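# Coordinate analysis (summary)
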Protein chains: 2
Amino acid sequence: MSQYVIGIDVGGTNVKLGVVNVKGKVIARSSFSTGAHVSQPAVLIDALVQAVQALMAARGIDRSAVAGVGVGLPGLVDADKGIVRILPNIPGWLDVPLRRILQRKLRMEVVLENDVNMITLGEWKFGAGRGVHDLVCITLGTGVGGGLILNNAIYRGPGFAAGEIGHAPLNEEGPACGCGGWGCFEQYVGNRCLQKNAAAAFGRKDISLEDVYRLAVEGNKKALGFWAVVGGRVGTGLVGTINILNPSRIVIGGGVAGSFDFIRPAIEETIKRRCMKIQAGMVKVVRARLGTDAGLVGAKVLVCHDK
Amino acid sequence: MSQYVIGIDVGGTNVKLGVVNVKGKVIARSSFSTGAHVSQPAVLIDALVQAVQALMAARGIDRSAVAGVGVGLPGLVDADKGIVRILPNIPGWLDVPLRRILQRKLRMEVVLENDVNMITLGEWKFGAGRGVHDLVCITLGTGVGGGLILNNAIYRGPGFAAGEIGHAPLNEEGPACGCGGWGCFEQYVGNRCLQKNAAAAFGRKDISLEDVYRLAVEGNKKALGFWAVVGGRVGTGLVGTINILNPSRIVIGGGVAGSFDFIRPAIEETIKRRCMKIQAGMVKVVRARLGTDAGLVGAKVLVCHDK
C-alpha cells in the first residue's frame with residue numbers, strides 16, 4: 001500500500017527531506033547542506049538519491065509503501081515535463097530533466113514543482129487553506145513569493161511562471177528591482193527593505209526584524225507602529241490581486257509571518273478600505289500554519305491529488 | 001439539430017440580440033432601447049422574451065434548432081445558479097433568478113454571465129484569443145473591465161467578481177475611484193480621464209477621443225504623443241497582472257482599442273521593460289477582433305463549451 005510520500009525541498013544552501021503520511025504529517029525528516037555541490041546537478045542528484053534511500057532505510061520504509069517523490073525547487077520548473085528550467089540563485093541548473101533522472105535512479109514516481117507552489121499546495125490541503133477552491137499564498141522573506149490555487153487547482157501559467165505577486169508594482173515610479181522592473185511589491189516588504197526601515201526607525205544599524213518583533217511583543221509603540229506600516233504595505237500590495245482574482249483566502253507565510261498578529265490589523269483595514277466590496281467582503285487573511293514543513297507536505301498533495 | 005445559439009447583451013440603455021451559428025458568426029440581429037423599463041425586471045424580461053421570439057420568427061428558426069440562450073449582463077451574475085445579483089448602473093435588479101424565469105417563458109436552455117466575461121469568451125474561442133489556454137481580456141471605455149481565461153476555462157472567482165483589472169491600483173496614492181478605492185487603473189485610462197487629458201493637451205474642452213484618433217491618423221505629433229502616453233499607462237496597468245498570471249495573450253477591446261495601432265508600441269515597450277523576462281517573452285498583446293459582436297458570440301461559447 002502506498003501510504004507515504006517523500007518530500008524534498010531544495011534550497012540554495014540546504015536540502016530538506018521528509019516522509020509525509022496520508023494525513024499530511026511529516027513523520028520523519030533529514031537534511032543536508034549542499035555547499036558548492038548545489039551548482040553541479042549530477043553531484044546534487046546523487047546526494048538526493050542517497051538521502052532518500054537513507055531516510056527510507058532508517059524508517060524501514062519499502063518502495064512499495066511510497067506513492068511517489070515530490071521535489072520543490074527555487075526557480076522555474078516545467079511541472080508537466082519534469083524539467084528544471086532555471087534556478088536564478090543556483091548556477092549550473094539549466095534544462096535538467098530531473099524527473100526522468102530521479103525516477104530511473106529511485107525507481108519511484110517523481111514529480112517536480114516550484115518551491116512556492118509546493119508550499120501553496122501544502123497549505124491549501126493540510127494547512128491554512130483547507131476547504132477553499134481559490135486562494136493566494138504569499139511568502140514574505142528576502143524575496144516575496146506567491147502561489148495561486150484557482151478553480152480548485154494550482155495555477156502555474158503557460159510558462160510555469162505564474163504567482164509572482166512580489167513583482168506586481170505598487171507605484172508607477174519606485175525602487176529598481178532585481179527582476180529588471182521597478183516599484184515591485186518585494187521592494188517595499190522584502191526583508192532588505194524592512195531591515196533598512198527598521199534601522200532608520202530605531203536609529204540602530206544592527207537591529208534585526210526579530211528584535212523589532214520582540215519589542216512589539218513587549219508593547220513597544222515604535223515597534224508596533226513599524227509592523228502596522230508593514231501591514232499597510234502588505235495590504236496595499238494585495239489590493240490588485242484581490243480585485244482581479246476574488247480569492248476566498250490569502251495565506252501569509254515566510255519569516256515576516258512570525259509577526260502576523262502585528263501586521264494583520266493593517267492588512268485587513270487596507271483591504272477593507274481599498275478593495276471592491278464583494279472581494280473585500282469574502283476574502284479572509286490568515287497566517288500560514290505549516291511553517292517550514294509546508295514544502296514537504298505540498299509534495300504529498302502534488303503526488304496524490306494534483307498530477 | 002441544435003445549430004444556433006441566441007445571444008443577448010443587456011446594457012444600461014440598449015439590449016442587443018443575435019442568432020449565432022456554429023462558426024461563431026452572428027447571422028441575424030435585433031436590438032431595442034430599454035428606456036426606464038430597464039429598472040423593472042419583470043417588464044424587461046417580457047421585452048426580452050418577445051424580442052427573442054420575434055428574432056427567431058423573422059428567421060424561421062424553431063426552438064429545436066437552438067442549443068440555448070446566453071445572456072450577458074453588466075454586473076454581478078451568479079453563473080452557477082443563474083441569478084442576477086446586482087447591476088451597479090441599473091437599479092431594481094437584486095437577486096433576480098433570471099435563468100429560471102427565462103427558461104420557463106422561452107422553453108429553452110438559458111445561461112447567464114457577466115458582460116465582460118461574455119466578451120472574453122467570445123474573443124477567446126472565435127476572436128483574438130483563439131488557440132490559447134490563458135488570456136486576459138480588457139475593455140477600455142468609460143469603465144475598464146477585465147475577463148480571465150485560466151487553465152482553459154473562464155475564471156469567475158468564488159464570488160463571481162474576478163477580472164476587475166480596472167480596479168488594480170497603479171499607485172499607493174491616487175485619484176478616488178467609484179469603486180471606493182483610489183489610484184485604480186480605470187482612473188488613469190478610463191474615458192473620463194483620457195478626455196480630460198486630451199482637453200488639456202490640445203487646449204480645447206470640446207475635443208473628443210475620436211478627434212484625437214483622427215489627428216493621429218493624419219500624423220499629428222501631439223495626438224501621437226497623447227496615444228503613446230495612454231499606451232504606456234495601459235502597459236503599466238498590465239505589469240502586475242502579467243507577472244502574476246503569466247498569460248499567453250492580452251486582448252484589448254473597448255472604444256479606445258480603436259486607437260490600438262497608436263497605443264500598442266508603448267504597451268509592448270512598457271511590458272518589455274518592466275515585466276519579468278519569462279512573462280514578457282511569451283505574452284502577446286492583440287486587439288479584440290469581434291467588436292460589438294463579442295458579447296453575442298460569447299453566448300455561443302458559454303452555451304456550447306463552458307457550462
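Residues numbered from 1 in each chain as written. Chains lettered and ligands numbered in written order. Predicted model: local features only at pLDDT ≥ 70, side-chain atom pairs only at ≥ 80, totals over all residues. Heavy atoms only, no water.

## Quick look at the pattern of salt bridges
Where charged atoms from two side chains of opposite charge come close, those side chains can pair. If you walk through the whole model with that rule in mind, you get 22 salt bridges over all chains. Between Arg29 of chain A and Asp293 of chain A there is a salt bridge, with the nearest N and O atoms lying 2.4 Å from each other. Of this pair, Arg29 of chain A sits in strand β3 (residues 26–33) while Asp293 of chain A sits in the loop between β13 (284–287) and α10 (294–304); the two residues are 264 residues apart in sequence, bridging distant segments of the chain. Residue Asp293 of chain A is classed as buried on the basis of its relative accessible area of 18%. A salt bridge links Asp211 of chain B to Arg204 of chain B, with the nearest nitrogen and oxygen atoms 4.0 Å apart. Among the charged side chains, a salt-bridge network with shared partners connects Arg204, Asp206, Asp211 and Arg214 of chain A. (Salt bridge = Lys/Arg side-chain N within 4 Å of Asp/Glu carboxyl O. Helix = DSSP H or I, 4+ residues; strand = E, 2+ residues; numbered from the N terminus. Buried < 20%, exposed > 50% of the residue type's maximum accessible area, 1.4 Å probe, protein only.)

## A look at the packing of helix α5 (residues 191–202) of chain A against helix α7 (residues 221–245) of chain A
All names here are of chain A. Where α5 contacts α7, the axes come no closer than 11 Å and their chain directions differ by 145°. As for how α5 packs across α7, the hand of that crossing is right-handed. Side by side, α5 and α7 meet where Leu194, Asn197, Ala198, Ala201 and Phe202 of the first sit next to Lys222, Ala223, Phe226 and Val230 of the second. Of the residues in the contact of α5 with α7, the class split is seven nonpolar, one polar and one charged. (Axes fitted to C-alpha atoms, helices over the stretch in contact; angles between N-to-C directions. Left-handed = near helix turned anticlockwise from the far one by under 90°. Contact = heavy atoms within 4.5 Å. Nonpolar A, V, L, I, M, F, W, Y, C, P; charged D, E, K, R; others polar.)

## Considering the confidence of the model for chain A
Confidence in the prediction of chain A, expressed as mean pLDDT, is 95, and 99% of residues score 70 or more. Interface scoring of the predicted complex returns ipTM 0.96; its pTM is 0.96. (pLDDT = per-residue confidence, 0-100.)

## Digging into the sheet that holds strand β10 (residues 144–150) of chain B
All names here are of chain B. Strand order across the open sheet formed by five strands is β11-β10-β9-β12-β13, with mixed pairing between neighbours. At either end of the open sheet lies a strand with only one pairing partner, and these are β11 (153–154) and β13 (284–287). By the bridge criterion, two bridges tie β10 to β11 in an arrangement that is antiparallel. Note that in β11 the partner of Ile149 across the bridge is Ile154. On top of the sheet, helix α3 (residues 115–126) reaches β9 (135–140), β10, β11 and β12 (249–253); it is set at about 50° to β10, its chief contact. (Pairing = 2+ DSSP bridges.)

## Some points on the interface of chain A and chain B
At the interface, 46 residues of chain A touch 46 residues of chain B. Taken over both partners, the interface formed by chain A and chain B buries close to 3700 Å², and the fraction arising from carbon and sulfur atoms is 57%. Counting the surface chain A buries against chain B, the share from its top three residues, Glu172, Ile244 and Arg274 of chain A, is 22%. The tally of links from chain A across to chain B stands at two salt bridges. Between Glu172 of chain A and Arg233 of chain B there is a salt bridge whose closest N-O contact spans 2.6 Å. Counting across the chain A and chain B interface gives 30 residue pairs in polar contact (both at pLDDT 80 or more). The set of elements that each furnish at least two residues to the side of chain A that touches chain B consists of β10 (144–150), α7, α8 (260–274) and α9 (277–282) of chain A. Here the side of chain A that touches chain B is built from residues that sort into 23 nonpolar, 16 polar and seven charged. (Buried area = accessible area lost by both parts, 1.4 Å probe. Polar contact = N/O pair within 3.5 Å; in protein donor to acceptor, adjacent residues only side chain to side chain.)

## Some words on the nonpolar core
Core analysis: the largest hydrophobic core is formed by 86 residues, its most contacted members being Val234 and Ile252 of chain A together with Val234 and Ile252 of chain B. With residues near it in sequence (within four places) discarded, Ile252 of chain A still touches Ile138, Leu140, Val234, Ala257, Phe260, Ile267, Val285, Val286, Arg287 and Ala288 of chain A. (Core = buried A, V, L, I, M, F, W, Y, C linked by side-chain atoms within 4.5 Å.)

## Considering the packing of aromatic side chains
Under the counting rule described, the total for this entry stands at four aromatic pairs over all chains. Between Phe226 of chain B and Trp227 of chain B the ring centres are 5.1 Å apart and the planes differ by 85°, which places this aromatic pair in the edge-to-face class. Each member of the pair, Phe226 of chain B together with Trp227 of chain B, is buried. Over the face of the ring belonging to Trp124 of chain A we find Lys125 of chain A, whose NZ or CZ atom lies 4.3 Å from the ring centre. (Phe/Tyr/Trp six-rings, centres within 6.5 Å; stacked < 30°, edge-to-face > 60°. Lys NZ or Arg CZ within 6 Å of the ring centre and 35° of its normal.)

## Looking at the sheet that holds strand β6 (residues 83–86) of chain A
Residue and element names in this part refer to chain A. Strands sit in the order β5-β6-β7 across an open sheet of three strands; the sheet is antiparallel. Looking along the sheet, the strands with just one partner apiece sit at the ends: β5 (76–78) and β7 (94–96). Pairs of neighbouring strands in the sheet enclose a mean axial angle of 20°, with direction left out of account. Pairing of β6 with β7 involves two bridges; the strand directions are antiparallel. What sits directly across from Ile86, in β7, is Leu94.

## Observations regarding unusual backbone geometry
Backbone geometry places Asn151 of chain A, a non-glycine residue, at a positive phi of 50°. Considering the arrangement of structural elements, one finds Asn151 of chain A in the loop between β10 and β11 (153–154). With relative accessibility at 42%, the residue Asn151 of chain A sits in the partly exposed group. Look at Asp95 of chain B: it is not a glycine, yet its phi comes out positive at around 55°.

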